[in-house]
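# Analysis of the macromolecular model
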Amino acid sequence: MIQSILVCQNSMEGVLTAIYRVYEWKLNGPDTMIQIGEADLRLFANYYEVETVPPLAEKVASTVLKRFGEDTWEFICYALASEDPGKGQAVYRTIAEGLAGAIRGPLMHGLANDDIRKVFELSRHVHNEAHRMIEFLRFREVEGNILMARIEPDADVTALIMPHFADRFPLENFVIVDTRRRLAGIHSARKPWFVARYEKEKDAQVEGILGQYSENEQEMEELFKHFCKTLGVKERRNIKLQQQFLPLKYRPFMTEFT
Amino acid sequence: MEKLEILSDAAKYDVACTSSGSERKNDGTGIGNAVKAGICHSFSSDGRCISLLKILFTNECIYDCKYCINRRSNDVPRASFTPDELCRLTIEFYRRNYIEGLFLSSGILYNPTFTMGLIYQTVYKLRNEYRFQGYIHVKAIPGADPELIQMVGFLVDRMSINLELPTAEGLSRLAPNKHRKTILAPMRLIQNGIVSNREELALYRNAPEFVPAGQSTQMIIGATPENDYQILTVAEKLYQKFDLKRVFYSAFVRVNEDRELPALPGGPPLLREHRLYQADWLLRFYGFEAKELLSEDRPDFNILLDPKADWALRHLEEFPVEINRAPYEKLLRVPGIGVKSARRIVQARRSSQLEFQHLKKIGVVLRRAVYFITCNGRMMYSVKIEEDFITRQLLDCKERLPFDADGATYRQLSLFDDRRFVMGQDQLIRQVIS
Ligand code: SF4
């Protein structure tokens, strides 16, 4: 049998649209694959380019929510935020197994299944990274009383961490910029947050804003650095343990390590 | 700047720095929320989490506790904050995502009630004027007016009163101005406050919350001669009789020269502290009792094995445990199986019979567990359940210790860590080790 391969955009909507098409085009089967980004061409396969259609993605989302509940949906959202090239396939198979009724009990408990386990692991990975961002990102106050944070996470976590900060700082104007993906999560006081993309041409301008200081900023940064330094008990010094908890890759944007 | 340095330096020996136990959304009128599991924002050079602005209101003190850097008889620079200074600092740090909140303690200025009053003013302002809804942990000062302690309890998430030393004798020797009674009385007061608040909240959902993240305490380990069994028994009592959320153990750091204080050539007893934390987990989450882990005849933890492995080796008759049938509580007692793994096993075995390869897949680490479990009646390797053999195997899977670092070897650490060594009977400990 000739394999079907659906090629979709690297985004949550992209993958979910592809899953919709699998069913619509009656391609569902163990050999069908969802591939993200460029098609890597194989002989003996039928390729389908899938264009992203948000309303179709939404349909898949609501099916998952209805059939498998909120927990499963959260696992899938987090898994789809990862940069793993196999995420689309794993999510597709997981949903397919669920719809086929192959798993007894909650879908995400079926860890003996390789695809479900993959979704589980990807999701856990992204969860950890989102959590690390919540811990380690630092805001800097720039002119106009705006708080700016810069991140470069491995997974696309901006939209996943915005709710946390929006709840925490309802009266603040703040922006979280993922300079790796050119995304900005934006929150204005008392308003709902959103994520915007910016173009490469804006890089210099974004860097400029991220580099600004408000009047108080330098003093606060100095105070915090001193605080962190004093807090270490020298009789217990343990740099390895510090590194285990706080990997070096997160430090470039952290106030106390710059 | 200098003030911050003096007053955070003086606070750093307190080990509690968690921001856990409260869950609260922002009501839209201020700044901050609280996350049940707590959030660490950084780690200091000793590998400890930085979660709260841990600081003293003042390091002035009328008392003279022998182990404390702030004691009256020490000649150190002194400083005090004003409530507004502390509020501003908290808010500015919090907005930048440096911290989860404030952990406020204090030396005793004039008298306990006066000091508690300053703390009250600070947290009152922080909550009401600065509209701060993040995490606050406050140290209650023993001997302060109970009413004041009560009032503070309605403003904060967690309160703690340090037991300081595990026994009353230890306390009277090293902290002559403190008394066991004045420490336990406010602890009881807070406990009762929490209980009656719970009833109130059940009736009126909008009643103000009293110390919602519970209370904790801290004991200094290794400054006085108590053994591990005594310490763990005290901790168990505190959990049972005072409903404490956490007991913290703080390896004694010798900051003062004093005849009454032990010399610690190997530095603070970190391995001992570590074993106590491990055992503390066993009490709180694994259904163990202190007297199962230690006894009068065996009053100290094994230097080479963690408390659970040590227990298992002395109770081989309870093993092997069958993964597909054993109740959750039994799974928890298997060395190498933690709360997460035990939960996953229980979940996964509902949908299929588990074999060893499934266990690996769901993330159960088998390295240590293999000697204690069967899957469908079979062990992974055919091994005898025999103490010497398993002990050797377990010692071979090197335990990852949090301080096995920075050049100090395991043996050095374990040698100096042992209580008996601290007490000067190094002969004995040499025998144990070699
Ligand atoms: S009461 Fe004792 S432990 Fe507390 S600050 Fe004063 S001297 Fe130190």
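I will try to describe carefully the structure that is included in this document.

The rules behind these values
- Residues numbered from 1 in each chain as written.
- Chains lettered and ligands numbered in written order.
- Predicted model: local features only at pLDDT ≥ 70, side-chain atom pairs only at ≥ 80, totals over all residues.
- Heavy atoms only, no water.
- Helix = DSSP H or I, 4+ residues; strand = E, 2+ residues; numbered from the N terminus.
- Buried < 20%, exposed > 50% of the residue type's maximum accessible area, 1.4 Å probe, protein only.
- Contact = heavy atoms within 4.5 Å.
- Areas by Shrake-Rupley, 256 points an atom, 1.4 Å probe, with all protein chains shown as cover.
- Lys, Arg positive; Asp, Glu negative; His and termini not counted.
- Charge placed at Lys NZ, Arg CZ, Asp CG, Glu CD.
- 1 Å grid on protein atoms, 1.4 Å probe; cavity = no way out; pocket = protein on both sides within 12 Å on 5 of 7 lines; lining within 4 Å.
- Points joined across faces, edges and corners; volume = space filled by probe spheres on them.
- Nonpolar A, V, L, I, M, F, W, Y, C, P; charged D, E, K, R; others polar.
- Near = heavy atom within 4 Å.
- Sits in = over half its atoms within 2 Å of the grid points.
- Disulfide = S-S within 2.5 Å.

### What about the overall build of chain A?
Helix and strand counts for chain A come out as eight helices and eight strands. A principal-axis box enclosing the C-alpha atoms of chain A has dimensions of 65 × 45 × 35 Å. Burial statistics for chain A: of 258 residues in total, 50% are counted as buried. Long-range pairs, those at least 24 residues apart, make up 65% of the contacts in chain A with a sequence separation of at least 6. Here chain A has roughly 13,000 Å² of accessible surface; of this, 52% comes from carbon and sulfur atoms. Within chain A, the 38 negative side-chain charges are centred at a point lying 4 Å from the centre of the 33 positive side-chain charges.

### As for empty space enclosed by the protein
Residues and elements named next belong to chain B. Evaluated as defined, the whole model comprises three cavities of 30 Å³ or more. The computed volume of the largest cavity comes to approximately 730 Å³. As for the largest cavity, its lining consists of 39 residues, and the residues nearest its centre are Asp14, Tyr67, Cys68, Asn162 and Glu164. Of the residues in the lining of the largest cavity, the class split is 23 nonpolar, seven polar and nine charged.

### Here we look at the site of the ligand
Residues and elements named next belong to chain B. Around the ligand sit Cys61, Tyr63, Cys65, Cys68, Arg71, Gly107, Ile108 and Lys178, and those are all the residues in its vicinity. When atom positions are compared with the pocket grids, the ligand is found to occupy the largest cavity. Split by residue class, the shell around the ligand holds five nonpolar, one polar and two charged.

### Describing the state of the cysteines
Residues and elements named next belong to chain B. A complete count under the given rule lists one disulfide over all chains for this structure. Between the sulfur atoms of cysteine 40 and its disulfide mate cysteine 49 the distance is 2.5 Å. Looking down the S-S bond of the cysteine 40 and cysteine 49 bridge, the torsion is -105°, so its handedness is left-handed. On the basis of relative accessible area, cysteine 49 is assigned to the partly exposed category, the value being 22%.

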